[in-house]
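# Inside the fold
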Amino acid sequence: MNYKIVIHHEPNGGYWAEVPALPGCVSQGDTLSELNANIREAIEGYLDVLREEGRQPELDVEIAEVAV
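Cut-offs used in this document
- Numbering of residues begins from 1 in every chain and follows the order in which that chain's sequence is written.
- Under the rules for a predicted model, residues below a pLDDT of 70 receive no local features and side-chain atom pairs below 80 are neither given nor counted, while totals for whole chains, interfaces and linings still include all residues.
- Excluded from the side-chain calculations are hydrogens and water; all other atoms, namely the structure's heavy atoms, are used.
- One side-chain nitrogen of Lys or Arg within 4 Å of one carboxyl oxygen of Asp or Glu is enough to make a salt bridge.
- Only protein chains enter the accessibility calculation, which uses a 1.4 Å probe; a residue is then buried when its area is under 20% of its type maximum, exposed when over 50%, and partly exposed in between.
- A run of DSSP states H or I qualifies as a helix once it reaches four residues; a run of E qualifies as a strand once it reaches two. Both are numbered from the N-terminal end.
- Should any heavy atoms of two residues lie within 4.5 Å, those residues are counted as being in contact.
- Pairing between strands is defined by DSSP: at least two bridges between them are needed.
- Expected span, for any helix, means 1.5 Å times one less than how many residues it has.
- Our arc is simply the arc of the directions from the helix axis toward the C-beta atoms.
- Patch members must show over 30% relative accessible area and no salt bridge, and they are joined within 9 Å when carrying like charges or within 5 Å when they are nonpolar side chains of Val, Leu, Ile, Met, Phe, Trp or Tyr.
- Where accessible areas are quoted, they stem from the Shrake-Rupley method and a 1.4 Å probe; at the residue level, only the protein chains shown are allowed to cover.

A few words now on the pattern of salt bridges. Side chains carrying opposite charge are able to pair once their charged atoms draw close together. Here the structure, examined in full by the defined rule, presents two salt bridges. For R55, the salt bridge goes to E53, with nearest N and O atoms at 2.9 Å. Exposure remark for E53: the relative accessible area of 48% places this residue in the partly exposed category.

Along the chain, the position of S27 falls in strand β3 (residues 26-29). A residue is classified by how much of its surface remains accessible, and S27, at 17% relative accessible area, is buried. Not counting the four nearest positions on each side in its chain, S27 is found in contact with W16, A17, L35, N38, I39 and A42.

Moving on, we come to the pairing of strand β2 (residues 15-18). For strand β1 (residues 6-9) and β2, the ladder comprises four bridges, and the chain directions are antiparallel. Across the sheet, residue H9 finds its bridge partner in β2, namely Y15. Hairpin geometry of β1 and β2 is characterised by an intervening segment of five residues between the two adjacent antiparallel strands and by a positive phi of about 110 degrees at G13. Bridge count for β2 against β3 is four bridges, and the pairing is antiparallel. In the sheet register, A17 faces β3, and the bridge partner there is S27.

Time to look at helix α1 (residues 32-52). For α1, with 21 residues, the first-to-last C-alpha span of 30 Å sits near the 30 Å given by 1.5 Å per residue. Among all positions of α1, only L35, I39, I43, L47 and L50 are buried. Down the axis of α1, the buried set is contained in an arc of 100 degrees. They therefore lie on one face. Pointing more than 90 degrees away from the buried face of α1 are the exposed residues S33, E41, R51 and E52.

Here we come to a nonpolar patch on the surface. A grouping of I5, I7 and L32 is seen on the molecular surface, where their side chains present a nonpolar patch of about 240 Å² in accessible area. By secondary structure assignment, the location of L32 is in helix α1. Judged by relative accessible area, L32 falls into the partly exposed class, the value being 45%.

This brings us to the environment of G29. Tracing the backbone through its elements, the reader meets G29 in strand β3. Along the sequence, G29 and G14 sit 15 residues apart, while their C-alpha atoms lie 5.8 Å from each other. Apart from residues lying up to four places away in sequence, G29 is in contact with G14, Y15, E34, L35 and N38.

Below, the structure is given as structure tokens:
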């Protein structure tokens, strides 16, 4: 399954990301490459915990773009 992530640039360097479809699933990295690896690991861990608890991720989350 593919998940969209929101990447934030840290003012002091580095990045952090969140996964809107998985509330509370976040990670960080000094580079985009490191962030990508870290957020992938965070997603896998999040999904493992859901499986252990007998739950599934919410599939009805929709990401939209809004122009202002």
